[in-house]
Protein chains: 2
Amino acid sequence: MRFLSAFLFGNALTNAADRFLPPWKFVGTVWPQPQSMVVKEDYQILDANIQFILTPDSPQCDIIPDVFQRYQALIRSHFKSAGSSKKLKFSSSPAGVIDTIEVKIVNCENHPSQTMNESYTLQVGSPSSEKVELTAMAEWGVIHGLETLTQMIHDIDYRPSINSTMITDWPRFPFRGFLIDTSRHYLPVSVIKAQITAMSWNKYNVLHWHIVDLESFPYQSQVLPELSFLGAYTPLHVYTINEIKDIIEFARLRGVRVVPEFDTPGHTDSWGPGAGPKFLTPCYTNGQPDGTRGPINPIHQENYDLMRKLFTEVNQVFSDSYLHLGGDEVPFGCWKSNPDITDYMTKHNLTTYAQIEQVWVQGMVDIAHDLKKNYVVWEEVFVNGVKISNETVVEVWKGRSGTWKDTMNAVTKSGHKAILASPWYLNLISYGVDWEGYYSIEPTDFNGTNAQYELVMGGSAAMWGEYVDGTNILPRIWPRASAVAERLWSDKSVNSAPAARWRLNEWRCKMLARGLPAEPELHNPNIDPNYGYCPTPFDPFNNAHFLF
Amino acid sequence: MRFLSAFLFGNALTNAADRFLPPWKFVGTVWPQPQSMVVKEDYQILDANIQFILTPDSPQCDIIPDVFQRYQALIRSHFKSAGSSKKLKFSSSPAGVIDTIEVKIVNCENHPSQTMNESYTLQVGSPSSEKVELTAMAEWGVIHGLETLTQMIHDIDYRPSINSTMITDWPRFPFRGFLIDTSRHYLPVSVIKAQITAMSWNKYNVLHWHIVDLESFPYQSQVLPELSFLGAYTPLHVYTINEIKDIIEFARLRGVRVVPEFDTPGHTDSWGPGAGPKFLTPCYTNGQPDGTRGPINPIHQENYDLMRKLFTEVNQVFSDSYLHLGGDEVPFGCWKSNPDITDYMTKHNLTTYAQIEQVWVQGMVDIAHDLKKNYVVWEEVFVNGVKISNETVVEVWKGRSGTWKDTMNAVTKSGHKAILASPWYLNLISYGVDWEGYYSIEPTDFNGTNAQYELVMGGSAAMWGEYVDGTNILPRIWPRASAVAERLWSDKSVNSAPAARWRLNEWRCKMLARGLPAEPELHNPNIDPNYGYCPTPFDPFNNAHFLF
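All of these numbers come straight from a predicted model, not from anything done at the bench. The numbers attached to residues start from 1 for each chain and follow its sequence in the written order. By the order in which they are written, chains take letters starting at A while ligands take numbers starting at 1. Per-residue local features are limited, in this predicted model, to residues with pLDDT of at least 70; the limit for side-chain atom pairs, both in listing and counting, is 80 or more; totals at the level of whole chains, interfaces and linings are taken over all residues. Based on all heavy atoms of the structure, the side-chain values leave hydrogens and waters out of the count.

Caption draft 1: Spotlight on the overall build of chain A. Counting its regular elements, chain A contains 18 helices and 16 strands. Note on method: radius of gyration uses C-alpha positions; expected globular size equals 2.2 Å times residues raised to 0.38. A compact globule built from 548 residues should have a C-alpha radius of gyration of about 24 Å, and chain A, at 26 Å, falls within 12% of that. Once the C-alpha set of chain A is aligned to its principal axes, its extents read approximately 90 × 55 × 50 Å. A burial count over chain A gives 61% of its 548 residues as buried. Contacts are residue-level and defined by heavy atoms, with any inter-residue pair within 4.5 Å sufficient. Taking all contacts inside chain A whose residues are at least 6 apart in sequence as the whole, residues at least 24 apart take part in 77%. A total accessible area of about 19900 Å² is found for chain A, and carbon and sulfur atoms account for 52% of it. His is not counted here, nor are the chain ends, while Lys and Arg score as positive and Asp and Glu score as negative. Here the site of a charge means NZ on Lys, CZ on Arg, CG on Asp, or CD on Glu. Side chains of chain A carry 45 positive and 59 negative charges; the gap between the two charge centres is 5 Å. In this text, helices come from DSSP runs of H or I with a minimum length of four residues, and strands from runs of E with a minimum of two, each type numbered from the N-terminal end. Throughout this description, buried means an accessible area under 20% of the type-specific maximum (1.4 Å probe, protein chains only), exposed means over 50%, and partly exposed covers the range between. All accessible areas in this document rest on Shrake-Rupley with a 1.4 Å probe, and a residue is counted as covered only by the protein chains that are shown.

Right under this line is the structure:
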């Protein structure tokens, strides 16, 4: 039925090339939606040999050659898929041919950071129809602007074209994170890079790397090699410092920060074998050690020394100014059972286990402070009443049903910066469409003052690793994570899922065309068959297009 | 902790190669579990140049050279991963070196079928320690026997070895199906082949190809080219007859039948444009055609003629003796609204809409009968009281909560053969482990007589296509479908999920090593970290191992 409106049945087989036009095609929408975007009807066609030039007054930021090379390759890839070999009548006339993208940068920042300037303006078709003008405060805006520009390409009369457009764009939140977990399951470096690539396309800017946890310790330390030696699954399931540095540089070239999390004092079973016999608390049953181990033992100075040694190295490896100190789900039972802990508490006038937790956390904060690192902690550290400094950033992850709002209120009321993660645990899959739920979340939708709302640094989506590894993580993340990306980048008013649906569908298909296996979980195709396909089927066994 | 029991901490860094032995390794278990399997402690090591020979008295079945080539390559692949370059002390002595697999076949069947003989016996270490003896009634048992043998390979002292073993094996059910749906989303031929390959490894023997549905019509008919021309998503989203024949031959070489489903009279919207204006029933509102279309119009002879033309071609393309006629979810509302249908019913003394449904189904059955095809229908055809012949096989798909048992009882009580699908809709995903639920289903667990139980032909798992395509279908199917595979192949008594868990974990890792992206959804790794990895991490971007 859907085809009959477009084509005459009787003439169906006379001209296959024309008749097989799909009922929808790319129209050049952008994801996430820019803050301000005015699209005109007239358009320019692209020259296949489009050049990227930097204005003479721009500084030479070191990532720019790589950025230009990537986007030049990506833009050129549009010419392979277009059916350009045919002589075609044009249904309208282009206003010009774009042969140059002129980029102006005000200032190089060199490393992405919490204060990175990601804003840009983009002019297509004006003042000149031969060149695109992209102006960015720093190199990160160049990446975002070129990404936006590339998404705007769509075929008109089989020729890659871009409508005349004026964009002014900047992120709503400075922290747009995505958590991966390499402890429950190891992820190959190639998959982490693909994830960073897709994050950059979606204008995410922080990879929250939950690198170790109770199941395994894949971080291969040089100063404490026993940790991964005895804590990784196997020697194939580790990240060397060189691999990590390579990943961080890869991310930097894409405007993405890498914030590592070394979660303590709970979630640390895998540290135990390599950290020595005093590291984890021996648990007692009926007054006797029962052979099991609990959280890190906070009463031994050696354990703080070990952490200082580790974090001193981590500080050199991970260049970002932030470190995630964890602090979630610390079980108090083992500490309670252990007479040495009880003695210590008595001796130091500690009456609650939150206080002994605070002893440990304070130790970690002191180390971070000495290393001049800022730090993030999970909400329990705050909720348990551990005394933390004002600079501590609190990540809210509980209360998916809505009580996260109370926590966001409490955290920001106390003057702490907050990151919202609760509603965006993408690992919690269900049957059918769920991106609309993620899309509908508003991080400032809690009782609070404007001053409190300004303490909302942003949010973080998460794909915890219990049930994902290299086999399935990328299609499980994308395009669901794109919904969160738009929430964190675009204006608060861009919040209608029905309005976003077509645009997200187009964006998924573009990601597919670039080689990312983004799954088709967008819409029940029973309702609209047009969601059932992208222009080219994705073949995982013949996927040479992935642009790292 | 888990490493400490195996290794002395103090000596941790002296000999990395030895110390990094993973805490678990392949032990040569088989999935699905053979009917009878006796494994001894002594073992043979494998010669890297192992030869496959057919006994002189065996007939030359045409698929055998391909089968031998595939399994020779697969067995040889075990030698790449073993760390064989080192001089190692042997912890025990092998009983011999296997250099030959001697295969005896009683009879060639050439095409897999409902009555195919899949049984085999396998002897390793006896009577000769130099050769494996595999005896099969037909070529299908050779495939299954070599698959079993290959799974039994495990490294002892870094050398691929097999324990002395005696196996007698046959399938519990003759119909072990898996449904794929290429209408909601198109699947590339490569993905369908990968699916067939994995099915063969898991001893599935029927690909139920739900090839068209309301969303799109990718079957490219030569006699009715308009159907896909106007009903497929795009010209890239079709299967040509040559591609289909290639897939069927690919499946035959792996002992897998391909049973196509052309579902009628409902689920046919995508047929409408190409089948002509009389094909779908015009629906009426307030006595006037409202522009929408319902199921196939059963009152026009042209529609039966079209189906006969189509099925005559389908019969030539799909060599299997079975055809799936569909018949599910026929909505009666549109038929009820249409005055021509009402006239027809009055004229023919039809008083219920099940009777008009029966008119159509009878037409399809007559065509199938004329083409000498057996046929399967979805349960509604039976449940609605459509009069069907005794040879009709009924596929039960409703009542996941347990009422499928009543339907299985009713179907078999009436003398029809039954296929159970209800509890195995793998498309209905949820968070966490679900294979244990699929594994626990017993297809004969309904009130009935032994004669009724013998009418249970088997079962079929399904991955309907609403939310899957080439990006995510393989990891979503595997290893969850392996649970169903064992239920349908192995003895009824093999039904303990806790006992199967380790074996399934080993099997998933073997599938990974062969290049199949089988996801890690087996067990919460918080409970046992050993489920968190396979010996080699799976890298989707460096996966050259896939053995088609």
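Caption draft 2: Main features of the packing of helix α4 (residues 189-201) of chain A against helix α6 (residues 241-252) of chain A. Residues and elements named next belong to chain A. The convention used is that axes are lines fitted to C-alpha atoms, helices contributing only their stretch in contact, and that angles between N-to-C directions extend from 0 to 180 degrees. Running from N to C, α4 and α6 cross one another at 15°; their axes reach a closest spacing of 10 Å. Classified by the angle between their axes, α4 and α6 sit roughly parallel to one another. Our pair here, α4 against α6, has a crossing hand that is right-handed. Counted together, V189, I192, K193, I196 and T197 of α4 and E243, D246, I247, F250 and A251 of α6 form the full contact between these two elements. Angle categories: roughly parallel below 35 degrees, roughly antiparallel above 145, roughly perpendicular from 65 to 115, and oblique for all the rest. In this scheme, a crossing is called left-handed if the near helix is turned counterclockwise away from the far one by less than a right angle; it is called right-handed if the turn is clockwise.

Caption draft 3: Representation of the domain arrangement of chain A. Residues and elements named next belong to chain A. Annotation comment: domain bounds sourced from an automatic or database domain assignment. Under the domain assignment, chain A is made up of domain 1 (31-169) and domain 2 (175-495). The distance between the C-alpha centroids of domain 1 and domain 2 comes to 37 Å. Each partner contributes residues to the interface: domain 1 has 25 residues there, and domain 2 has 26 residues. Here domain 1 and domain 2 share an interface that buries about 2200 Å² over both sides, 53% of which is from carbon and sulfur atoms. When residues of domain 1 are sorted by the area they lose upon contact with domain 2, W31, P32 and Q114 head the list and together hold 31% of the total. Just to be clear on terms, a salt bridge is a Lys or Arg side-chain nitrogen sitting within 4 Å of an Asp or Glu carboxyl oxygen. On the surface where domain 1 and domain 2 come into contact, there are two salt bridges. One salt bridge connects R176 with E118, and the closest N-O pair in it is separated by 2.6 Å. Pairs of N or O atoms are called polar contacts if they sit within 3.5 Å, as long as, within protein, a hydrogen donor faces a hydrogen acceptor (for residues adjacent in sequence, only side-chain-to-side-chain pairs). Put simply, domain 1 and domain 2 have 12 residue pairs in polar contact (both at pLDDT 80 or more) between them. Counting residues per element, the side of domain 1 that touches domain 2 draws most heavily on helix α3 (residues 139-151), at six residues. Once two parts are joined, some of their accessible surface, as seen by a 1.4 Å probe, is lost; buried area is that loss totalled over both.

Caption draft 4: Main features of the nonpolar core. Here, the term nonpolar core denotes a set of buried Ala, Val, Leu, Ile, Met, Phe, Trp, Tyr and Cys residues that are joined through side-chain atoms within 4.5 Å. Membership of the largest hydrophobic core comes to 140 residues, with the highest contact counts inside it found for Y219, F262 and F318 of chain B. In terms of residues, this core owes the most to one element, helix α4 (residues 189-201) of chain B, which gives eight residues. If near-sequence neighbours (up to four positions away) are discounted, F262 of chain B is found in contact with I211, V212, F217, Y219, W271, L310, F311, V314, F318, H324 and L325 of chain B. L146, I196, I248 and A368 of chain A belong to the second largest nonpolar core, which has 139 residues in total.

Caption draft 5: Spotlight on the environment of N447 of chain A. All names here are of chain A. Take N447: it is sitting in the loop between α14 (435-439) and α15 (450-453). Sequence spacing of N447 and D406 is 41 residues, and the spatial spacing of their C-alpha atoms is 7.8 Å. Those residues in contact with N447, other than ones at most four positions away along the chain, are N409, Q452 and Y453.

Caption draft 6: Looking closely at the state of the cysteines. Residues and elements named next belong to chain B. Two cysteine sulfur atoms make up a disulfide if the distance between them is within 2.5 Å. Summed over all chains, the structure comprises six disulfides over all chains. The side chain of C283 participates in a disulfide bridge whose partner is C334; the two sulfur atoms lie 2.2 Å from each other. Because the torsion about its S-S bond is -105°, the bridge between C283 and C334 counts as left-handed. In this pair, C283 sits in strand β10 (residues 280-285) while C334 sits in helix α9 (residues 333-337), placing the two residues 51 residues apart along the sequence.

Caption draft 7: Spatial organisation of helix α10 (residues 339-347) of chain B. Residue and element names in this part refer to chain B. Turning to α10, its buried residues number three or more, namely I341, Y344 and M345. Projection of α10 onto a plane perpendicular to its axis shows the buried side chains occupying an angular sector of 100°, all on one side. Residues of α10 that are exposed and point more than 90 degrees away from the buried face comprise T346 and K347. Buried positions along α10 lie against β10, α9 and α11 (353-370). Remark: N349 follows α10 within two positions and exhibits a positive phi of approximately 60°. The directions from the helix axis to the C-beta atoms form the arc being described.

Caption draft 8: Structural view of the pairing of strand β6 (residues 159-169) of chain B. Residue and element names in this part refer to chain B. The element β6 is extensively covered by neighbouring structure, given that eight of its 11 residues are classed as buried. Pairing between two strands requires that DSSP report at least two bridges joining them. Pairing of strand β1 (residues 36-54) with β6, which is carried by seven bridges, proceeds in the antiparallel orientation. When the sheet's bridge partners are listed, I45 is paired in β6 with S161. Here strand β3 (residues 120-124) runs beside β6; their pairing, made up of five bridges, is antiparallel. Each bridged residue has a counterpart across the sheet, and for V124 the counterpart in β6 is T165. One ladder, built from three bridges, connects strand β5 (residues 154-156) with β6; its direction is antiparallel. Counterpart to D155 in the pairing with β6 is P160. Remark: two residues form the turn of the hairpin made by β5 and β6, two consecutive strands paired antiparallel; D157 in that turn has positive phi of roughly 50°.

Caption draft 9: Here's a closer look at the environment of L426 of chain A. Residue and element names in this part refer to chain A. In this structure, L426 sits in the loop between β15 (417-420) and α14. Exposure remark for L426: the relative accessible area of 0% places this residue in the buried category. As for L426 and I477, which are separated by 51 residues in sequence, their C-alpha atoms are 6.9 Å apart. In contact with L426, not counting residues within four places along its chain, are F178, Y438, A461, A462, M463, I477, R480 and A481.

Caption draft 10: Layout of the pattern of salt bridges. As enumerated under the stated definition, the model contains 50 salt bridges over all chains in all. One salt bridge connects E466 of chain A with R184 of chain A, and the closest N-O pair in it is separated by 3.9 Å. Here R184 of chain A lies in the loop between β7 (175-181) and α4 and E466 of chain A lies in the loop between β16 (456-463) and α16 (473-477), a separation of 282 residues in the sequence. Judged on exposure class, the residue E466 of chain A and its partner R184 of chain A are both buried. Measuring nitrogen to oxygen at the nearest pair gives 3.0 Å for the salt bridge that ties E102 of chain B to K131 of chain B. You can see E102 of chain B sitting in strand β2 (residues 96-105) and its partner K131 of chain B sitting in strand β4 (residues 131-136), a full 29 residues away along the chain. Judged by its relative accessible area of 19%, E102 of chain B is buried. Each of D181, R184, D213, E215 and E466 of chain A takes part in a single network of salt bridges with overlapping partners.

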